[in-house]
Every structure is written in structure tokens, then in C-alpha cells.
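Take a look at the letters that make up each chain.
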2 protein chains.
Amino acid sequence: MEAIIAALRQAVGADSVLTGSDVSMRSAAAWGTPRNVAAQVLVRPRSAADVAAALAVCHAHGQPVVAHGGLTGLVDGAWAEHNEVVLSLERLNQIESVDPVGRTMTVQAGVPLQTVQDAAAEHGLMFPLDLGARGSATVGGNAATNAGGNRVIRYGMTRDMVLGLEAVLANGTIVSSMNSMVKNNAGYDLKQLFIGSEGTLGVITRLVLRLRQQPSSQDTAWAALDTFAHVTDFLDHMDRSLGGTLSAFEVLWQDYYRLVTSPPARSVPPVSAEHPYCVLVEALGGEPESDAQRFEAALTQALEKGLIADAAIGKSQAERDAMWAIRDDVEQLLNFKPLFLFDVSLGIKHMQGYVDTLADELAARWPAHRLFVFGHLGDGNLHVAIHPGAADPDARSEVEDLVYRPLQRIGGSVSAEHGIGLEKKAYLHLARSPAELALMRLLKQTLDPKGILNPGKIFDLSEGCAAKPT
Amino acid sequence: MEAIIAALRQAVGADSVLTGSDVSMRSAAAWGTPRNVAAQVLVRPRSAADVAAALAVCHAHGQPVVAHGGLTGLVDGAWAEHNEVVLSLERLNQIESVDPVGRTMTVQAGVPLQTVQDAAAEHGLMFPLDLGARGSATVGGNAATNAGGNRVIRYGMTRDMVLGLEAVLANGTIVSSMNSMVKNNAGYDLKQLFIGSEGTLGVITRLVLRLRQQPSSQDTAWAALDTFAHVTDFLDHMDRSLGGTLSAFEVLWQDYYRLVTSPPARSVPPVSAEHPYCVLVEALGGEPESDAQRFEAALTQALEKGLIADAAIGKSQAERDAMWAIRDDVEQLLNFKPLFLFDVSLGIKHMQGYVDTLADELAARWPAHRLFVFGHLGDGNLHVAIHPGAADPDARSEVEDLVYRPLQRIGGSVSAEHGIGLEKKAYLHLARSPAELALMRLLKQTLDPKGILNPGKIFDLSEGCAAKPT
């Protein structure tokens, strides 16, 4: 490692290469169980050229490298072992330009999401990606993990908001593909390789982001519903009635709704907690007055049709914020230990059966279990939190099996928006066929023949490891 | 070739392998200069397994293969030489299923776009891709070329409407990646490799398409504008005022507007032809009455603000259809021979300067030239039609130079939505850097090591050919 440190110092400057306690005192994750960085060396490049120089050194030495953004990932995708070099993008933190007419922003990869959001707002525009970690998560990390969030139903995933990017390949080659147009069919769309591949195919250094018109109206409501069929019909009704403005449709199963609207949670229930499903629905539009009328009319129609049993509309920004605080009060889950949190994807038509079966199986195995389900229904994305009821050393793998295995049969996915990282690697084969996994490995071997980029994340290069749970 | 024909017959059945006049009588393109298929052999697989078997034979023999969809491409991307085998997807023409709750449709690659649109409409849903060739173009071809069309500003390109797909690799391996969910971050998003790569990395056999709510309102208008700054401000104003419902914003420079609203064209001008720019704007929404009010109010505001000089709203479906017929009357261009038609992409902020410079240079070179410009402004996509004025054998390459070369400096693209094929291959290097081209070649060599899939399209495998015009 000493030779590599020396070569890195030569390549990017001594002040850009940290070792010893400068590295070991750093936190390895923005939340979850506190732990520090285990790697011994951390490089802080100031430019894409620095990233290229550092990777060229690592490539020459066959030295594994793990890129770090805001460390807000949830699947151990940025975990670096003792023998790995961390490449932190923290100094690539400049917004390079905003084009208000073309509605694009050119940024370095280490800019925090919230900084991007704020800079767009200064131009009357919006970068629609939004998630709880906005203050720490970087847009480079958002792109590397194809982050989702609360507005996917309207604006898509991060993949849909990146027009161009620059990435450095394992061998230090800079591939600058900084397209700034919505349409560009000049050959292969190379950026797709780097978006969502969790730092295993290249290190993203710059991005061209697509901005949107900033909405001038926000209408938010909670509704209570009695059947899952009503939930899907309500989604259909609201989408149809609101034209293109439906921007969030978050469903909370009753147990989670009760958890986040009863003490010790500070929120009070905006609609009755006596119904099996509650939905947070939001529209973002262009004319506050008429949008509010339309939103209320759509809810009234839903009540008249019997789709919803109860509804409450946020009448002020404070009320709307309080409505979102209910949805986002995931901290209430931390009262349950151990707790296993999942992010899965499945067809809406399978959801009710999937959750009911899971509840039955959990009840049979752990009578005192708690099951909390909520998610982005329109996207087919559920978050599932499970407390087995008592400390049980084997509970994690048993619970994982109950959550993940049924997804294979119904064409679901073990990861909707969190990625695979290390945490879900053992279950990737449930969501992807052997032919898909073989093609992923072929891409990895082609772009990173020495396997130095975030090695062991998503899948192992040998077939055996990804095919069975560890 | 006889050995290959025999092997293909053995692999997929004799009735699925056409030769002789059964092939040579076939048209090679749905429009443009009439010419017949030059290839001697055409395979018509009935299934993905047939496609795999046929490709395995061709791979074993190093036999080049060109996949055929609806043959409506505009860049000679499906041209097959005498020594190439055509793989027509025409028998893969089944809609396999529609999921109205999950809003997906599973189709074989050879289904025509219009058939997909109609099937979605039967369920009250919409497949938003739309383009003039809808009756002939297949969804497999749309995906292979990442087709755009008139609604990209709202719904994106084909890439944004494909959730999953199945493709057969050059060696006959079937990679089924039939994801049906909006969110699936389980490893690399393999479908991106095959979308927009023009049949050079694999043959698409099946797709899962994302459907949307069918709009219940359509509001359409023509507006006349006096400056290009007004055009961009008008786009901004309409997008802001219409919330999420703005679905088309088509700009016609004056010469094209006059061409399609004067005899021999059958349309009459809905707004005065005395202004330098005319815009066709459309919103698709959920409530006919209030949407119409809002649309008219937004136009009235634009008039009051002085953004637009004149406007006309379509008051019936017939009037709206007539408004679109003006935009789509590209046949008027066929009165000019020779005529060179381009599809380029550039930042909106560069558009006016680009078109003005082009007009000046054309005028200097060919005083009697005609220049017609129109396009999807919100997407940065212009269509440019140029008639040099007189027959001139060297005109094509000179005109191509005038159109394409300035794009390099301003970060534009030589192809917005038509692709590269053979026609634009010599200019690809103006839109892509050497590092990008090298990475494209690496992908091609990895997925198709023998170079049998649509060889010579987009780029040549040796570096020299793509770097200079032929």
C-alpha cells in the first residue's frame, strides 16, 4: 500500500491523499449503525483530471477503489474494506453553469442534491429529484444509484433527469458525454452505462441535469380507503382528473399510518385511522386558484363515488408540510429493534396478495411481529419494515427470505430504488435471470477488466456467489 | 451462401427462409426513392427462439444480418447489402397482454405502433409515442432507433416508454429483461444497451411498454410571433401556465409556414403568415371544459403580454386535426428537387444564430436556394430542409457540411431522433468525442465480436472511417 500511496501523492498532490486518523476518524455512512471508514487511504481529487490520474495509478497497481458521494445509500454500496482506496468526490462541489432557456444545469458530481434544488429555484426552475437525504446526498451519488424518491410518478427516476455526464473509466480514461439536449440519437447513449451501476463501471465526475418549470401551486391531501381495489381506482381517478399534475401518490397501510400518527409520534391523524389504507396525494401545477378548485373537485368526486371514505386537504403551506411530515416520520420505526427495512418493486395487481401472504407468514413464525408497509404505489414500489418481535439471531435471513423469495414468481424486484450494493447481492438472482447476470458480468469485465471499481458490489465476478444467499 | 441458407432452413424451417424473387420483389424502404431489397435471403422467424436459432447459424458462419421492422427509418439504418441476410420481425406481431392496472402492455417487436396505440385506447389508456409512420413503423423498430415524435416534450422518447425488453445477442443468446415496473434498480439496466443502438448490439424480440392515462381533453392553437425571443418566452409562459399538460410545441419558421399554407398545399393559414415564426401548441388534459378555459386564458395572457401577435384556437376535433395537418404536410417539400432533409439537435439559445448563419451561407453559395426550418422547439430538435436551387452533383456534401459542422462548436448533435444509420455515419464524430466513439466500439466488439449485427451502421469498427466524411 505504501507504493500506491506514494504514486497517488505524485499523481494528485500530497494534500489530496489522506491516511491514518484523517481517514479512520471519518464516518462511513450518513445514518444507520455508526461506523467509521475502514479503508486506510482516501483520495480527494479536485478535478476530473485528478480522478483520472488517481484511477490510472490504481489500475496500474490492480488497487481496488470505492467512490464516495454523500454516503446516504442504504445497501452498503459505498462500503470500503481495509485494503481499498476511497475516492471521495467531496471537492468536486461546483455548480458550473445554469442555462435557464435550455433548462439545464451543469454540475460537478459532488454537489449536494439540495444545493442543486436551491440553485434551480433561483432561476424559477426545479430539479425534481427529492428525497429525505437531500442535504447530504450528492447528485453524482444520485446518478450512480439511479435514486428515486417521492416524485417519480410525475418526473421519473434520476436516470430521467440526467441529460449528459462525464465519467472516468477504471483505467483513467475520461469519457465526456456532456449532452445537454433532450434528444440526441447520435450513437449509443453511453451515460446509461454509468447511471445506476453503483460505481462499478466508472466514476461519475460531472453531469448535465435537466430542469423543469417550477410549479406555482401545490395541493396536498390525505385520504382514507377501505379496500385495496379502492386504492388503485383512486389512483386512476386522480390521475385522470388532474391531467398531468399528479406528482405524488403515497400509500400507508394501516399499521404504519397508526404508528406515525400516535404518540410518541408528534403528528395527529388528518383522517381517521380506522381504515385499512391511507393515501397522501399531491398535485403540482401552474395556477394556484383553479388548481385548488380542481383538486378539491376531484376529491369530492372520489368521495361521492365511494372510492374514499374520508379526506383532508392541506389549507396552508404549514398544513401541507405537516402532511408530508407524517409520511416521512420513518424515525418512529426505530422504536422497534431489531428492524429490517426493505425496498421492493412489484406489479400493483400483485401488491395486496403479496402483503397479505407476508403478514400471514410472519404471524405464523413470530406471533409478536410488527409489519409496517408504505410506499410509492403508482411506481409499484413498497417499503416494508419488519420487527420479528424478539431478538432472534437468525431472524434477518429468515425475514429476507419471506420478503424476497415471493418476488421471483410475480416478476418483482428485490430493489426498487435503493440499489443492490452488498446488502442485496445474495438475492439479485431472484430479480434477474442467468442470462441477464451473465451480460452484466460481461459489461463489468469489459469496462473494468481488473475489477478495481467498487469490487464485490451488486454481484461477484464468479457466478457461484450471486446465485445463493450467503 | 447456399450452406447458410440450408443451415437457416434447418434451424427455423424452410417456410421461414425466403430467397430469389420472394426477397428481391420486396421494397427496401417505406418511403423515399423506391428501391427493392438487395439481400438474397430473408428469414421470417415466428418466435424469439427462431431469432436465436437463426442468429446462432449466422454467428457460426460469420454471416452479417440486418434486422427489419417497418422500414420507415430515414437514415438507411436497415439497408441490407447483397451479401447480408435480412431478419424480418414481421411475424412477431402479437400483443401478448395488457395490464390496465399496472398500465403496461407486453408486445412482440413486430407489432405496428398504431396497433399498440389502438390496443391501449381500448383500455382507456395511451401509448404516447406518435409519429407520421405509425401505421408501418413497428414498436421494435421504434425502440431500436429510440424514436421521438411530436409528444417528447411531455412524455419523452421511446426509451422513456419501454420498461423491459427481450433481445437476442449476436451469438443467439436470448436475454430476457422483461421488467414491468417503473422502478427496478436490481443491477445494470440492460435494456438501455438495445434501445437506440439501431440493431447493432442485439435484435429486440419483445417489449414491455409503459402506458399512460388517456387524456380526455385536447386543446390546440396556432400562434404567430415576431421574434425568436418571443418564441422561447412563449414556451416558458405556456409551460408554466398549463401545469403538466403542455404536450406539443412545434415551431415553423416563416418560409415553411407559408409553404404549407399556400397552394398547392390545401391548408389555409390559421394565423397571419406575415410573422417570422409560427407555433403549434397543444395541451392534453383531464377535464375538457376547465382545460379549454385555462388554455384560452393562457393564450390571452400571452397576447396581452405581447409575446404573440396572433392566435387561433381549434374549436372542434376537425379544426384541431386541420391544425396538425399543416404541421405534418411535409409532402409540400417534395416539390423541390433535389431536397436534403436534416434532423439536428442544439441548445435553444443557439437556434436563432444557427439558422441565421445557415441562411446566410446558403444564400452566398446558392442564391436561388430554399431553406425550410421547423421542429420540436422544446426538445431542441430542428428539422431543416434545403433545396440548393438547381441540380448540382456536389450539393449534398456541401449542404451537409453547412448544416452539420457548426453543431460541433455549440455542442449540438447531428441526429436528434432519426439515428445515424449509414447516412450520418461520416458526421458522427462532430457530435461525439474520440473517447465516446472508442467506448461505443468497445461495446460493439464485446456484444458482437464477429461484427455480424447490422455491420457498418452508426460507425465502422476501424477508427479511420468514422472520422472523415466519405
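In case you missed it, the structure is sitting above this.
Basis of the calculations
- Residues numbered from 1 in each chain as written.
- Chains lettered and ligands numbered in written order.
- Predicted model: local features only at pLDDT ≥ 70, side-chain atom pairs only at ≥ 80, totals over all residues.
- Heavy atoms only, no water.
- Helix = DSSP H or I, 4+ residues; strand = E, 2+ residues; numbered from the N terminus.
- Rg over C-alpha atoms; globule rule 2.2 N^0.38 Å.
- Buried < 20%, exposed > 50% of the residue type's maximum accessible area, 1.4 Å probe, protein only.
- Contact = heavy atoms within 4.5 Å.
- Areas by Shrake-Rupley, 256 points an atom, 1.4 Å probe, with all protein chains shown as cover.
- Expected span 1.5 Å × (residues − 1).
- Arc of directions from axis to C-beta.
- Polar contact = N/O pair within 3.5 Å; in protein donor to acceptor, adjacent residues only side chain to side chain.
- Salt bridge = Lys/Arg side-chain N within 4 Å of Asp/Glu carboxyl O.
- Pairing = 2+ DSSP bridges.
- Axes fitted to C-alpha atoms, helices over the stretch in contact; angles between N-to-C directions.
- Least-squares fit on C-alpha atoms with pLDDT ≥ 70 in both.
- Parallel < 35°, antiparallel > 145°, perpendicular 65-115°, else oblique.
- Left-handed = near helix turned anticlockwise from the far one by under 90°.
- Buried area = accessible area lost by both parts, 1.4 Å probe.
- Phe/Tyr/Trp six-rings, centres within 6.5 Å; stacked < 30°, edge-to-face > 60°.

(A) Fine view of the overall build of chain A. When its secondary structure is counted, chain A shows 16 helices and 18 strands. Radius of gyration (C-alpha) of chain A: 23 Å, near the 23 Å computed for a compact globule of 470 residues. Projected onto its principal axes, the C-alpha coordinates of chain A cover approximately 70 × 55 × 40 Å. For chain A, the residues scored as buried account for 59% of the 470 residues in total. Residue pairs in contact within chain A that sit at least 24 positions apart in sequence constitute 71% of those at least 6 positions apart. Of the accessible surface of chain A, which amounts to about 16800 Å², a share of 51% is contributed by carbon and sulfur atoms.

(B) Fine view of helix 10 (residues 288-304) of chain B. The terminal C-alpha atoms of helix 10 of chain B lie 24 Å apart, and with 17 residues this matches the ideal 24 Å at 1.5 Å per residue to within 8%. Residues D291, R294, F295, A298, L299 and A302 of chain B constitute the buried set of helix 10 of chain B. For helix 10 of chain B, the angular spread of buried residues about the axis comes to 130°, placing them on one side. Those residues of helix 10 of chain B that are exposed and angled more than 90 degrees off the buried face are E289, Q293 and E304 of chain B. Elements that come into contact with the buried residues of helix 10 of chain B comprise helix 10 (288-304) of chain A together with strand 12 (217-225), helix 8 (228-241), strand 14 (277-285) and strand 15 (310-313) of chain B. Two residues or fewer after helix 10 of chain B comes G306 of chain B, characterised by a positive phi angle close to 80°.

(C) Just the environment of Q332 of chain A, in detail. Residues and elements named next belong to chain A. Tracing the backbone through its elements, the reader meets Q332 in the loop between helix 11 (317-327) and strand 16 (340-345). Placed 69 residues apart in sequence, Q332 and P263 show a C-alpha to C-alpha distance of 9.5 Å. Each residue touching Q332, except ones within four places of it in the same chain, is listed here: L259, V260, P264 and A265. Among the polar contacts made by the side chain of Q332, one reaches the side chain of D329 at a distance of 3.0 Å.

(D) Structural detail: the pattern of salt bridges. Across all of its chains, the model carries 58 salt bridges over all chains by this definition. Here D291 of chain B ties to R294 of chain A by a salt bridge, and the two come within 2.7 Å at their closest N and O atoms. Of this pair, D291 of chain B sits in helix 10 while R294 of chain A sits in helix 10, each in a different chain. Its relative accessible area of 8% is what places D291 of chain B among the buried residues. The class for R294 of chain A is buried, based on a relative accessible area of 9%. Between D401 of chain B and R405 of chain B there is a salt bridge; the shortest N-O distance is 3.5 Å. Taken as a pair, D401 of chain B and R405 of chain B lie in helix 13 (residues 395-409) at a separation of four residues, close to a single helical turn. D401 of chain B sits in the partly exposed class, given a relative accessible area of 30%. Note on R405 of chain B: relative accessible area 35%, which makes it partly exposed. What you see here is one network of salt bridges that share partners, running through R103 of chain A together with D236, D239 and R240 of chain B.

(E) Molecular detail of the sheet that holds strand 3 (residues 65-68) of chain A. All names here are of chain A. Pairing within the open sheet is mixed, and its four strands lie in the order 1-2-4-3. Of all the strands in the sheet, just strand 1 (17-19) and strand 3 have a single pairing partner and so form its edges. Averaged over neighbouring strand pairs, the angle between their axes works out to 25° when direction is ignored. Note that strand 3 and strand 4 (residues 85-88) share four bridges and pair parallel. The residue of strand 4 that forms the bridge with V66 is V86. Those strands touched by helix 1 (residues 2-12) are strand 1, strand 2 (41-43) and strand 4, and its axis lies near 150° from that of strand 1. On the sheet, helix 3 (residues 48-61) packs against strand 2, strand 3 and strand 4 and is oriented at approximately 170° with respect to strand 4.

(F) Seen up close, the side chain of T245 of chain B. Tracing the sequence through the fold places T245 of chain B in the loop between helix 8 and strand 13 (246-253). T245 of chain B has contacts with G244 of chain A together with R154, E282, A283, L284 and G285 of chain B, leaving out every residue within four places of it along the chain.

(G) Summary view of the pairing of strand 5 (residues 95-99) of chain A. Residues and elements named next belong to chain A. Across four bridges, the pairing between strand 5 and strand 6 (residues 104-108) is antiparallel. Its bridge partner lying in strand 6, D99 is registered against T104. The antiparallel hairpin formed by strand 5 and strand 6 contains four residues in its connecting segment, where R103 sits at a positive phi of about 60°.

(H) How the structure looks around the relation of the copies chain B and chain A. Least-squares fitting of chain B to chain A yields an RMSD of 0.0 Å, with the transformation described by 0.0 Å of translation along the axis and a rotation of 180°. Both copies are brought into coincidence by an operation consistent with a two-fold rotation axis. Distance from the rotation axis, computed per C-alpha, reaches its smallest value in chain B at G244 of chain B: 2.2 Å. Both copies contact each other with a shared surface, as 99% of the interface residues of chain B are interface residues in chain A too.

(I) Expanded view of the packing of helix 15 (residues 434-447) of chain A against helix 15 (residues 434-447) of chain B. Relative orientation of the contacting elements helix 15 of chain A and helix 15 of chain B amounts to 135°, with a least axis distance of 11 Å. On the basis of the axis angle, helix 15 of chain A is oblique to helix 15 of chain B. Crossing of helix 15 of chain A against helix 15 of chain B: the hand is right-handed. Residue-level inspection shows L439, L442, L443, T446 and L447 of chain A of helix 15 of chain A in contact with helix 15 of chain B, the latter providing L439, L442, L443, T446 and L447 of chain B.

(J) Layout of the interface of chain B and chain A. Facing 87 residues of chain B, the contacting portion of chain A comprises 86 residues. Contact with chain A buries surface across chain B, with K183, N185 and Y188 of chain B losing the most and accounting together for 15% of the total. Where chain B packs against chain A, one counts 16 salt bridges. Its salt-bridge partner being D236 of chain B, residue R103 of chain A comes within 3.6 Å of it at the nearest N-O pair. Scanning the region where chain B abuts chain A turns up 40 residue pairs in polar contact (both at pLDDT 80 or more).

(K) Main features of the packing of aromatic side chains. Tallied over the entire structure, the rule returns 20 aromatic pairs over all chains. An angle of 55° between the planes, with centres 5.5 Å apart, marks the rings of W222 of chain A and Y257 of chain A as tilted. With W222 of chain A in strand 12 (residues 217-225) and Y257 of chain A in helix 9 (residues 254-260), this residue pair connects regions lying 35 residues apart in the sequence. Take Y257 of chain A: its relative accessible area is 0%, and that puts it in the buried class. Consider the rings of Y256 of chain B and F374 of chain B, whose centres lie 4.1 Å apart with planes at 15°: the pair is stacked. Of the two residues, Y256 of chain B sits in helix 9 (residues 254-260) while F374 of chain B sits in strand 17 (residues 370-376), which places them 118 residues apart along the sequence. The class of Y256 of chain B is buried, set by a relative accessible area of 0%.

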